[in-house]
Amino acid sequence: MFKKIVGGLVALGILVLAIFLIIAWESSIDPITPPNPDAFSEEQIKRGEVLAGLGNCETCHTTDPTKPLAGGRAMPTPFGTLYSTNITPDPNTGIGQWSEAAFTRAMREGVTRSGSHLFPAFPYTHFTKLSDDDISDLYAYMMSQPAIQAEPPENTLEFPFNIRLLLAGWKLLFFDEGRYETDTSKSVAWNRGAYIAEGAGHCSACHTPRNALGAEDAGKAWDGAIINNWYAPALNASNRTPAGWTETEAYEYLRNGGSPFHGVAVGSMADVVHDGLKQAPDSDLRALSVWLSDLAQASGEQQAGDSSASAIRDAQNTQNPSAMMDEGERLFTYACAACHYNEPDSPNALRPDMALNSAISAPTPVNLIRVTLNGVSLKEGMPEAMMPGFSQALNDRQIASLLAYLRSTHTDQPAWANLEQQVRDQRP
Ligand code: HEC
Ligand code: HEC
Ligand code: HEC
């Protein structure tokens, strides 16, 4: 009896394994000689370049700026470090031997030319939504870039996360292959925006929290998440800033890196704006803004202006310039206010108002701490503007009291916990 049960279980186990292997197994696609870049038209390569920008391919696939797309960038995950690959057309270390069919399979299904499964740190869960024409244009662009010989470092993922075959199981649970589906109840511009955001732009890869297995949590879509030690704020109605993300604000922010009622793009969002969206035509950024202001349920330009003005006024009124200013208020007045003061009715994007900024109203202080310590470089935020860092000028306690002061006077959100320790943790 017992033997029979064990025998049955073993047989069942073998059957399950066999079914899994059939699902998990992917064939190798024959290598090709790298295509001659002349095979592609200049317009096609140009369109591919815009898409590569929207997809931030270069940001993730470059470590040394003189070797664009040659890979090797470390991607820390909770399970170890993964390195991006060389996607230049080098035949030995890059994707030079990949036919368009192999490239398309990688983008749509997350499978390499030789048939291994790719980790979803490569956002194929989004790229799968791209149209055939767009993938074709991207291939043309990639294959016409300079071939660079470079091997990425070995991944250091822990067992069992280093077994690529198991990714087939992950895909069964969390991956839907498929194109973008037009929502006929929405406008053409909205659909274009959603196509970019969900597809090439993979916006939710940073703005949606992930579950324990690293998949985006659909139940918390657009609720905001920590990514690479930056907080990517909620983009839905739960965004806590006083003025909504109207079309005008969204467009200003995405086109120029900053908007009057919100502030500027720092950290990984600076890469998205300045490396990624830079080449995209205005019509695409307008479309993204239509989609974004709908997602954020923004209630119009007039309302945004009114909310912003009253938030600035309230914050100015809570500052009680007595002779007995507490440490946080005193530090803000002397170290920050000269550059961050605004007239309530006409805030300026170049002097982000603390009463309007997500960094102050976010559930985590990480962005505010990092900006205060390190400033804002020329490559971030608005072009040609920068902010000095205060890591040398202020100690942990001073920064903590300054930020606690901003939080309590410039928002209606609860105080952040362990602020001083959090400042210490962010020091280089
Ligand atoms: C968020 C970071 C990120 C972005 C953005 C990104 N990639 Fe990747 N990509 C990776 C990582 C990491 C890998 C390696 C995954 C693995 O080893 O399983 C990878 C792998 C690939 C591969 C497989 C290459 C091989 O040799 O196996 C291709 C092709 C690829 N990416 C193309 C692109 C293109 C095209 C874009 C832009 C449209 C892009 N990637 C954007 C992180 C990224
Ligand atoms: C690589 C990660 C990443 C990707 C991809 C990304 N974002 Fe962001 N985003 C961030 C981070 C981090 C911030 C916070 C930056 C700051 O405070 O300046 C941010 C901030 C924003 C903000 C400002 C929110 C606020 O309340 O201040 C908007 C709007 C935004 N992103 C839109 C987008 C859109 C649209 C896309 C896709 C085209 C996108 N993001 C893709 C990381 C990302
Ligand atoms: C010399 C002028 C100057 C001083 C002093 C200054 N800032 Fe800034 N700050 C700026 C500018 C300019 C920007 C926008 C930079 C850009 O667009 O590149 C900025 C941006 C910011 C942002 C916006 C980040 C975002 O995600 O939108 C925050 C928060 C901030 N500063 C906080 C502070 C704090 C706190 C202090 C005092 C400790 C301070 N600043 C002192 C000029 C200054």
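Quantities reported herein were computed from a predicted structural model and do not represent experimental measurements.

Participant: Sorry if this is basic, but what is going on with the overall build of the protein here?
Facilitator: Secondary structure summary: the protein contains 18 helices and six strands in total. Judged by the C-alpha coordinates and their principal axes, the protein covers about 80 × 65 × 45 Å. Long-range pairs, those at least 24 residues apart, make up 66% of the contacts in the protein between residues at least 6 apart in sequence. For the protein, the accessible surface area stands at approximately 21400 Å², while carbon and sulfur atoms represent 56% of it. Charge-centre separation for the protein: the mean point of 30 positive side chains lies 6 Å from the mean point of 49 negative side chains.

Participant: Where do I start with the coordination of the iron atom of ligand 1 in this structure?
Facilitator: Four donors placed tetrahedrally around a metal ideally meet at 109.5 degrees, and six donors placed octahedrally ideally meet at 90 or 180 degrees. There is one protein donor for the iron atom of ligand 1, and it is His61 (NE2), at 2.0 Å. Topologically, His61 is positioned in helix H3 (residues 57-61).

Participant: Quick question: what am I supposed to make of the pattern of salt bridges here?
Facilitator: When their charged atoms lie close together, side chains carrying opposite charge are able to pair. Tallied over the entire structure, the rule returns 15 salt bridges. A salt bridge links Arg105 to Glu26; the shortest N-O distance between them is 3.9 Å. Of this pair, Arg105 sits in helix H4 (residues 100-109) while Glu26 is found in the loop between helix H1 (2-24) and helix H2 (42-54), placing the two residues 79 residues apart along the sequence. For Arg105, a relative accessible area of 8% gives the class buried. The partner of Lys46 in a salt bridge is Glu49, with the nearest N and O atoms 3.5 Å apart. Taken as a pair, Lys46 and Glu49 lie in helix H2 at a separation of three residues, close to a single helical turn.

Participant: Would you mind showing me how to read the site of ligand 1 here?
Facilitator: Residues in close proximity to ligand 1 total 22 residues, the closest being Cys57, Cys60, His61, Phe119 and Arg164. In the environment of ligand 1, an oxygen atom lies 2.7 Å from a nitrogen or oxygen atom belonging to the backbone of Phe119. At 2.7 Å from an oxygen atom of ligand 1 is found a side-chain nitrogen or oxygen belonging to Arg164. Only H3 and H4 provide two or more residues apiece to the shell around ligand 1. Here the element with the most residues in the shell around ligand 1 is H3; it accounts for three residues. For the shell around ligand 1, a count of residues per class yields 14 nonpolar, seven polar and one charged.

Participant: Help me out: how do you make sense of the site of ligand 2 in this one?
Facilitator: Surrounding ligand 2, one finds 22 residues, the nearest of these being Cys203, Cys206, His207, Met269 and Ser358. Between a nitrogen atom of ligand 2 and a side-chain N or O atom of His207, the distance comes to 2.9 Å. Breaking the shell around ligand 2 down by element, the ones donating at least two residues are helix H9 (204-207), strand S4 (230-232) and helix H11 (267-276). For the shell around ligand 2, the residue count by class is 15 nonpolar, seven polar and no charged.

Participant: Where do I start with the environment of Leu166 in this structure?
Facilitator: Structurally, Leu166 is set in the loop between helix H6 (132-143) and helix H7 (167-174). Its relative accessible area of 42% is what places Leu166 among the partly exposed residues. When sequence neighbours within four positions are dropped, the list of residues in contact with Leu166 reads Phe20 and Pro160.

Participant: Can you help me understand the side chain of Asp137 in this one?
Facilitator: As for its placement among the helices and strands, Asp137 is situated in helix H6. A relative accessible area of 5% places Asp137 in the buried class. With residues up to four places along the chain from it excluded, the contact list for Asp137 reads Gln44, Arg47, Gly48 and Leu51.

Participant: Can you walk me through the coordination of the iron atom of ligand 2 in this structure?
Facilitator: At this site the iron atom of ligand 2 is bound by His207 (NE2) and Met269 (SD), with donor distances of 2.1 to 2.3 Å. For the iron atom of ligand 2, the six donor atoms in the first shell make angles of 89 to 179 degrees at the metal, so the coordination geometry reads as octahedral. Pair noted here: His207 is in helix H9 and Met269 is in helix H11, with a separation of 62 residues, a long-range link.

Participant: Help me understand the pairing of strand S2 (residues 80-83) in this model?
Facilitator: Looking down a regular strand, the side chains alternate between one sheet face and the other. Relative to S2, strand S1 (residues 74-77) is paired through four bridges, and the arrangement is antiparallel. Across the sheet, the residue bridging to Ala74 is Tyr83, located in S2. Hairpin connection of S1 to S2: two residues between the antiparallel strands.

Participant: Honestly, H6 in this entry has me stumped. Any pointers?
Facilitator: For an α-helix, the turn length of 3.6 residues means that residues three or four places apart are oriented alike. End to end, H6 covers 17 Å across 12 residues, agreeing with the expected 16 Å (1.5 Å per residue, within 8%). For H6, a buried count of 10 out of 12 residues is recorded, marking the element as mostly surrounded by other parts of the structure. For H6, every residue scored as buried is listed here: Asp134, Ile135, Ser136, Asp137, Leu138, Tyr139, Ala140, Tyr141, Met142 and Met143. Next to the buried residues of H6 lie H2, H3, H4, helix H5 (124-127) and helix H8 (188-198).

Rules behind the numbers
The numbers attached to residues start from 1 for each chain and follow its sequence in the written order. Each chain gets a letter, beginning with A, and each ligand a number, beginning with 1, in the order they are written. A pLDDT threshold of at least 70 governs which residues receive local features in this predicted model, and a stricter bar of 80 or more applies before side-chain atom pairs are shown or counted, although totals over entire chains, interfaces and linings include all residues. With hydrogens and water stripped out, all remaining heavy atoms of the structure feed into the side-chain values. Helical segments are the DSSP runs of H or I of at least four residues, strand segments are the runs of E of at least two, and each set is numbered from the N terminus. Any two residues whose heavy atoms approach within 4.5 Å are treated as being in contact. Accessible surface area values rest on a Shrake-Rupley calculation with a 1.4 Å probe, where residue burial reflects the displayed protein chains alone. When charges are counted, neither His nor the chain ends are considered; positive counts come from Lys and Arg and negative counts from Asp and Glu. Charged side chains are reduced to one point each, which is NZ for Lys, CZ for Arg, CG for Asp and CD for Glu. Because water is not among the atoms used, a metal site may look incomplete, as its donors are only the N, O and S atoms within 2.8 Å, or 3.2 Å for Na, K and Ca. Salt-bridge detection follows one rule: a side-chain nitrogen of Lys or Arg within 4 Å of a carboxyl oxygen of Asp or Glu. Throughout this description, buried means an accessible area under 20% of the type-specific maximum (1.4 Å probe, protein chains only), exposed means over 50%, and partly exposed covers the range between. Any residue with at least one heavy atom within 4 Å of a molecule or strand is counted as near it. Distance and chemistry together define a polar contact, namely a pair of N or O atoms within 3.5 Å, with one atom able to donate a hydrogen and the other to accept it when in protein, and with adjacent residues in sequence counting only for side-chain atoms on both sides. Each residue gets one of three labels, nonpolar for Ala, Val, Leu, Ile, Met, Phe, Trp, Tyr, Cys and Pro, charged for Asp, Glu, Lys and Arg, and polar for the others, Gly among them. Angle rules define the geometry names used: all angles between 85 and 135 degrees makes four donors tetrahedral, while opposite donors over 155 degrees apart and all other angles between 65 and 115 make four donors square planar and six octahedral, leaving every other case irregular. Each pair of strands is called paired provided DSSP finds at least two bridges between the two strands. To estimate the expected span of a helix, subtract one from its residue number and multiply by 1.5 Å.

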